[in-house]
Amino acid sequence: MMKGYAGKMLRVDLSNGRISTEEVPDAMKSNFLGGRGFAIKLLWDEVKHIEPLSEENKIIFSTGPLTGQSLPSSGKMVIASKSPLTGGYGDGNIGTMASVHLRKAGYDVVVVEGKSEKPCYLLIEDENVKIVDASELWGKNTFEAQDLLEKKHGRNAGILLIGPAGENRIPISLVISQKGRAGGRPGLGAVMGSKNLKALVIKGTGSIPNFDDEKLKELGKRGYEEIKSKENYDFWVRQGTMQAFDWCNENTCLPTYNFREGVFDSSKELDGYALEKFKVDRKGCPLCNMQCGNIIKDSSDHPSELDYENVGMLGPNIGMRNLPEVALLNRMADEWGLDTISLGSSIGFLMEASEKGLIPEKIGWGDFEAARKLIVSIGKGEGLGQLVSHGVRNASETLGKGSHRWAMHVKGLEISAYNCHACPGMALSFGTSPIGASHKDAWIIAWEISNDRLSYSKEKVEKLIEFQRIRGGFFESATVCRLPWVEVNFGIHWYPEYLEAITGKKMSWEDLYKIGDRIYHLIRAYWKREIPRFGRIWDVPPDRWFEEPLSRGKMKGIKLDREKYDHMLSWYYERRGWDENGIPTKETLDHFGLKDASEEIIG
Ligand code: PTT
Ligand code: SF4
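Parameters and conventions
Residues numbered from 1 in each chain as written. Chains lettered and ligands numbered in written order. Predicted model: local features only at pLDDT ≥ 70, side-chain atom pairs only at ≥ 80, totals over all residues. Heavy atoms only, no water. Helix = DSSP H or I, 4+ residues; strand = E, 2+ residues; numbered from the N terminus. Buried < 20%, exposed > 50% of the residue type's maximum accessible area, 1.4 Å probe, protein only. Lys, Arg positive; Asp, Glu negative; His and termini not counted. Charge placed at Lys NZ, Arg CZ, Asp CG, Glu CD. Axes fitted to C-alpha atoms, helices over the stretch in contact; angles between N-to-C directions. Parallel < 35°, antiparallel > 145°, perpendicular 65-115°, else oblique. Left-handed = near helix turned anticlockwise from the far one by under 90°. Contact = heavy atoms within 4.5 Å. Nonpolar A, V, L, I, M, F, W, Y, C, P; charged D, E, K, R; others polar. Near = heavy atom within 4 Å. Domains from an automatic or database assignment. Polar contact = N/O pair within 3.5 Å; in protein donor to acceptor, adjacent residues only side chain to side chain. Core = buried A, V, L, I, M, F, W, Y, C linked by side-chain atoms within 4.5 Å. Pairing = 2+ DSSP bridges.

Trainee: Can you break down the overall build of the protein residue by residue, with the values?
Mentor: Each helix and strand in the protein was counted, giving 26 helices and 17 strands. Summarising its shape, the C-alpha atoms of the protein cover approximately 60 × 55 × 50 Å along the three principal directions. Out of the 603 residues in the protein, the part that is buried amounts to 67%. Here the protein holds 80 positive side-chain charges and 84 negative ones, and the gap between their average locations is 1 Å.

See below:
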């Protein structure tokens with residue numbers, strides 16, 4: 001058996017209460033590594049042609065060989081399912097004590113299937129696994145429920161939970177942990193809610209069977225030291241992801257007024273320096289010495305954890321100018337368990353619809369009280385909130401009147417906080433991300449802005465694929481946080497060394513790229529199998545970026561060029577071994593050992 005894995009998968013069927021364990025096959029480890037790789041393999045094999053919010057869907061909590069080790073920023077896990085927001089493959093990455101405990105409890109993966117009759121939570125204490133009544137927790141927000149569960153199971157327990165939005169099966173809901181960690185943007189909170197599953201509580205006391213613990217300890221120590229010695233470390237600790245705010249405004253890519261513009265006139269009131277003035281604390285994920293969660297007091301004096309995406313989407317994107325008020329909206333999103341990115345896009349969509357006179361309600365840009373009320377109505381799926389609670393794609397289909405042109409999503413997932421009128425590479429990154437418009441797979445924007453920004457070159461496509469291989473392939477399957485590498489320039493060479501000490505297996509970056517590519521091909525095949533009409537047009541960002549040039553900032557007058565974007569997309573497909581419609585060819589799938597996928601989607 002390969003070292004470095006607990007080697008077991010826990011399977012819980014909430015319909016009949018059956019709890020079982022299975023071995024994680026060695027072939028799955030070597031072909032898919034862990035995290036996202038395990039998730040897509042399991043979904044491909046087991047979740048086919050079903051409704052995402054039905055009993056037949058499954059939700060997967062998946063770690064990789066690096067997770068939970070004494071290594072920099074290794075407290076992450078992937079949560080995945082068939083997405084109720086997009087209808088395709090959906091996952092998110094969350095930093096939580098639950099990942100560390102899961103590995104110590106002796107499992108690499110948990111698969112939850114079926115549906116409990118009554119609200120429940122899953123309690124995993126090493127090999128003792130129970131489905132526990134959660135009637136007392138149902139209806140509670142994520143802060144209240146976290147407190148109740150900590151009181152019962154101890155402050156150190158690993159807890160993943162949903163808020164009322166997930167309970168109400170709102171497709172823009174996600175999973176929360178530790179009052180501020182969030183993951184599972186493509187509606188994974190709703191999947192838990194549809195199973196009447198309020199939370200997972202995990203406590204593990206064992207250890208991970210590694211190949212060479214001494215070596216790993218030494219490597220980990222050197223890794224933590226290197227991170228602290230990096231030039232950008234102190235600034236990172238001050239601002240975390242919020243350092244991107246000022247930079248985005250400078251470079252005309254801050255999402256402003258529903259991605260209409262890329263600069264905001266009140267950006268100084270919201271940026272990383274403004275944040276520093278309000279900051280009262282910082283926190284973050286376990287096993288990390290970069291703790292990047294910025295805590296400020298919101299306008300009601302409650303702590304709220306701010307990251308760039310939260311402030312970008314609930315700030316300039318909806319015209320808000322006051323940081324503590326933005327923090328209050330963010331805190332509400334965390335309490336309700338709603339994704340801040342989709343939420344900011346949804347509120348922006350409604351504000352624009354109101355401005356254009358397409359809905360009778362009057363909601364002005366920056367209207368804080370209206371935004372507060374909307375969050376409640378979105379979380380409940382009632383009133384005006386109902387229109388956007390299934391995301392902006394669905395809202396534009398309901399509203400019509402040309403609103404699809406400025407419904408800011410790709411594949412049904414709302415776009416993260418980067419305006420791409422003048423960033424063709426980043427637009428392609430959103431276009432080809434395997435879960436819909438997320439920045440996680442290829443944040444090419446910084447490279448693009450410092451290298452021939454407006455070109456639609458083959459070089460950009462190559463770079464994009466390289467990023468996808470490292471970020472979407474390696475980091476999501478390893479499974480660890482990518483920010484040490486992205487933000488403080490931590491040496492990427494460490495990771496194969498870690499893997500070798502953990503598994504005993506030498507792996508080159510070429511080997512790891514191959515695993516990443518296999519994961520991408522299978523995810524792509526999954527979209528095609530689940531949505532037969534899936535194809536090229538699903539990889540194109542909204543019309544707004546192609547049709548309405550920026551009217552302000554240093555990129556004034558710029559918009560995307562549709563024909564050139566199309567060329568880049570074709571190069572991308574060619575380079576990936578996909579056909580002109582973006583579907584992996586039989587040769588590609590067979591070459592990557594995915595014969596079953598080629599038989600199913602091609603025949
Ligand atoms: C992630 C997405 C992001 S990405 C942010 S802020 W970012 C938003 N955070 C939300 C939040 O908070 N509350 C809320 N109610 N909704 C939120 N939605 C948004 O969700 C997060 C960090 C960050 S902060 C980023 S970039 C990096 N993401 C990583 C990743 O994807 N993979 C990886 N291997 N490492 C990563 N490290 C960084 O983690 P999703 P977290 Mg997240 C309050 O889940 O679905 O991927 O969406 O996990 O523990 O909160 O850490 O400027
Ligand atoms: Fe978590 Fe931030 Fe550390 Fe990454 S850098 S592990 S997101 S605290």
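Trainee: Go over the packing of helix α17 (residues 424-432) against helix α19 (residues 458-478), please, and point to the residues and values.
Mentor: For the pair α17 and α19, the least separation of the axes is 10 Å and the interaxial angle reads 45°. Considering their axes alone, α17 and α19 lie oblique with respect to each other. The handedness of the crossing between α17 and α19 comes out as right-handed. Within the contact between the two elements, α17 uses P424, G425, L428, S429 and T432 and α19 uses K460, V461, L464 and Q468. Taken together, the residues of the contact of α17 with α19 sort by class into four nonpolar, four polar and one charged.

Trainee: Go over the site of ligand 2 with me, naming the residues and quoting the values.
Mentor: The environment of ligand 2 is made up of S73, K76, R181, G284, C285, C288, M290, Q291, C292, C481 and L483. When residues of the shell around ligand 2 are assigned to domains, at least three map to each of domain 1 (8-203) and domain 2 (253-414).

Trainee: Now, about the site of ligand 1: what can you tell me, with residues and values included?
Mentor: Every one of the 33 residues lining ligand 1 counts as a neighbour, but N93, A182, D334, D339 and E476 are closest to it. R482 is positioned such that a nitrogen or oxygen atom in its side chain is 3.1 Å from an oxygen atom of ligand 1. Elements with a minimum of two residues in the shell around ligand 1: β5 (89-95), β11 (181-183), α11 (308-314), α12 (323-336), α13 (340-355) and α19. If you tally residues by element for the shell around ligand 1, the top one is β5, at four residues. Split by residue class, the shell around ligand 1 holds 12 nonpolar, 10 polar and 11 charged.

Trainee: Can you tell me about the nonpolar core, naming the residues and giving the values?
Mentor: Core analysis: the biggest nonpolar cluster contains 158 residues, and L66, Y89 and F474 have the highest contact counts within it. For this core, the element with the highest residue contribution is helix α22 (residues 509-530), accounting for 10 residues. Apart from the residues lying within four places of it in its own chain, the contact partners of Y89 are R36, A39, I40, L43, A80, S81, P434, I435, I523, Y526 and W527. One finds L10, I59, I94 and L102 within the second-largest nonpolar core, a separate group that totals 27 residues.

Trainee: Any chance you could break down the sheet that holds strand β3 (residues 58-62) for me, citing the residues and the numbers?
Mentor: Taken together, the six strands give an open sheet; going across it, the order is β2-β1-β6-β3-β4-β5, and neighbouring strands pair in mixed fashion. Strands at the two margins of the open sheet, each flanked by one partner only, are β2 (18-23) and β5. Neighbour-to-neighbour, the strand axes of this sheet turn through a mean angle of 20°, independent of strand direction. Bridge count for β3 against strand β6 (residues 109-113) is five bridges, and the pairing is antiparallel. Its bridge partner being in β6, I60 is matched across the sheet by V111.

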